[in-house]
Amino acid sequence: MKTKFILLIIFSLFLFSKLSFSEDLKLENKINKNLRCLICQGQSIYDSQSDFAESMKIVVKQKINSGMNEEEIYSFFKMQYGEWILYDPQFNTKNFVLWLLPIVVFLAGGIIILSKFGVLKKR
Amino acid sequence: MKKKYYKFSIITFFIFVFLIFYYGLNQKNLYTPEDIIVKKFPNLLLNDFYSFNETSLDNILIDSNYYLINIWSSWCLPCREEHPYLVQLKKNSLIKIIGINYKDKKDNALKFLDEFENPYTHILSDTNGTASIEIGAYGVPESFILNKKKEIIKKIIGPIDKKKFNEIIELLKNEN
């Protein structure tokens, strides 16, 4: 009974260590997919096998191991290469038109359709 | 009347689309952000090229007014083109040239230096390429010019040619 219990503990420890490992890997892949390759600029470093992309992957791994979180890693790369390096750009004063235009067009279209059908006039 | 209006709007629409595509296709879409400069050069731990002992950059950047940090490799063709300019720049006493050997085999790098002369006062090796990323490099070759305070005052992406060489010389003249 006792040995079974110990085995169970060992097994569960093993399982959890594996789980945390895969969490790290998931995060690493997520970050790699969001970073642009410097050589082939249409690809993420996750897809690319160019020398610089391979080096960037190692740097990402090192940063994760040193305890940096996702945001910190992004801001590190942003500082070095500019926001261009991220595939998922943040909302800022330079690109707010791009973010808001679809919503504005959608609302304007809705208003036009509603007024055409006279829904707005009836009230 | 209505038909005319319809025709007119279609033609203007096509002209509009044509102009957008025309300008869009002519635009260069390769991104090289030379204006983004990290002010302070990071202190890195790198292995010495010859002895392979770990050395910190801060220990090397001590006794000159200017430093040129050059990322190079024996397998990179543009590095061969820029090499004569580095050799020429070595004669300038204001600047020290430090090489970072990027993902290279030592034998090949030594052969390269034998063949083209060694302009570097120190060579560090970046075997897995991570140091170049920490510096913020875009490719090989790439050069950074630092002042005494280890601040980046110029970044040259790609090989140094005659024009860029003259720019460096001008920079050294003006800052003094």
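Criteria and cut-off values
- Residues numbered from 1 in each chain as written.
- Chains lettered and ligands numbered in written order.
- Predicted model: local features only at pLDDT ≥ 70, side-chain atom pairs only at ≥ 80, totals over all residues.
- Helix = DSSP H or I, 4+ residues; strand = E, 2+ residues; numbered from the N terminus.
- Rg over C-alpha atoms; globule rule 2.2 N^0.38 Å.
- Buried ≥ 20, exposed ≤ 12 C-beta atoms within 10 Å, placed from the backbone.
- Contact = placed C-beta atoms within 7 Å.
- Expected span 1.5 Å × (residues − 1).
- Pairing = 2+ DSSP bridges.
- Right-handed = clockwise from strand over helix to strand, strands pointing away.
- Core = buried A, V, L, I, M, F, W, Y, C linked by C-beta atoms within 7 Å.

J.: I tried to follow the overall build of chain B on my own but got confused; where do I start?
T.: The helix and strand tally for chain B stands at six helices and seven strands. On C-alpha atoms alone, chain B measures out to a radius of gyration of 23 Å, which is more than a quarter above the 16 Å that the 2.2 N^0.38 rule sets for 176 residues. Overall, the C-alpha framework of chain B stretches about 85 × 40 × 30 Å when taken along its three principal axes.

J.: Sorry, what's going on with the overall build of chain A here?
T.: In terms of helices and strands, chain A carries five helices and zero strands. Along chain A, helices and strands appear, N-terminal first, in the series α-α-α-α-α. Against the compact-globule benchmark of 14 Å for 123 residues, chain A has a radius of gyration of 24 Å, which places it well outside the compact range. Expressed as lengths along the three principal axes of its C-alpha atoms, the size of chain A is roughly 80 × 45 × 25 Å. Expressed as a percentage of the 123 residues in chain A, the buried residues total 15%. At a minimum sequence separation of 6, the contacts of chain A that also span at least 24 residues come to 36%.

J.: I would appreciate a short explanation of helix α4 (residues 96-116) of chain A in the present structure.
T.: For α4(A), which comprises 21 residues, the first-to-last C-alpha distance of 30 Å matches the rise-based estimate of 30 Å (1.5 Å per residue) to within 8%. Where α4(A) terminates, the next one or two residues include A:Gly118, which has phi positive at roughly 75 degrees.

J.: Explain the pairing of strand β4 (residues 95-102) of chain B to me, please; I cannot follow it from the model alone.
T.: Regular strands show a simple pattern: their side chains alternate between the two faces of the sheet. Residue and element names in this part refer to chain B. Of all eight residues making up β4, seven are buried, and the element is well covered by its neighbours. Where strand β3 (residues 66-72) and β4 come together, seven bridges link them in parallel fashion. The partner of isoleucine 71 across the bridge, within β4, is isoleucine 100. Each parallel crossover has a hand, and the one from β3 via helix α3 (residues 77-90) to β4 is right-handed. Bridging between β4 and strand β5 (residues 122-126) involves five bridges; their strand directions are parallel. Of the residues in β5, the one forming a bridge with tyrosine 102 is aspartate 126. In terms of handedness, the path from β4 via helix α4 (residues 106-116) over to β5 forms a crossover that is right-handed.

J.: I tried to follow the environment of A:Ser50 on my own but got confused; where do I start?
T.: All names here are of chain A. As for its placement among the helices and strands, serine 50 is situated in the loop between α1 (2-34) and α2 (51-65). Its 15 C-beta neighbours within 10 Å are what place serine 50 among the partly exposed residues. With eleven residues separating them in the primary sequence, serine 50 and isoleucine 39 have C-alpha atoms 7.0 Å apart. Those residues in contact with serine 50 that sit more than four places away from it in its chain are Cys37, Ile39 and Cys40.

J.: Any chance you could explain the environment of A:Lys33 here in plain terms?
T.: All names here are of chain A. Tracing the backbone through its elements, the reader meets lysine 33 in helix α1. For lysine 33, a count of 13 C-beta atoms within 10 Å puts it in the partly exposed group. Sequence separation of lysine 33 and leucine 7 is 26 residues, and the distance between their C-alpha atoms is 39 Å. Lysine 33 has contacts with Ser44 and Tyr46, leaving out every residue within four places of it along the chain.

J.: Hey, could you run me through unusual backbone geometry in this one?
T.: Negative phi characterises most residues that are not glycine, and trans characterises most peptide bonds. Residues and elements named next belong to chain B. In this structure, the amide linkage connecting valine 140 to the following residue, proline 141, adopts the cis form with an omega of -10 degrees. Its location among the elements puts proline 141 in the loop between α5 (130-135) and β6 (142-146). At glutamate 117, a position not held by glycine, the phi torsion is positive, near 80 degrees. Along the polypeptide, glutamate 117 turns up in the loop between α4 and β5.

J.: Help me understand the nonpolar core, please; the structure alone is not making it clear to me.
T.: For soluble globular proteins, nonpolar side chains are generally found buried alongside one another. Residue and element names in this part refer to chain B. Among the nonpolar cores identified, the biggest contains 30 residues, and Leu68 and Leu146 are the most heavily contacted of them. The set of elements that each furnish at least two residues to this core consists of β3, α3, β4, α5 and β6. Here the element with the most residues in this core is β3; it accounts for six residues. Not counting the four nearest positions on each side in its chain, leucine 146 is found in contact with Phe41, Leu61, Tyr66, Tyr67, Ile69, Glu151, Ile152 and Ile153.

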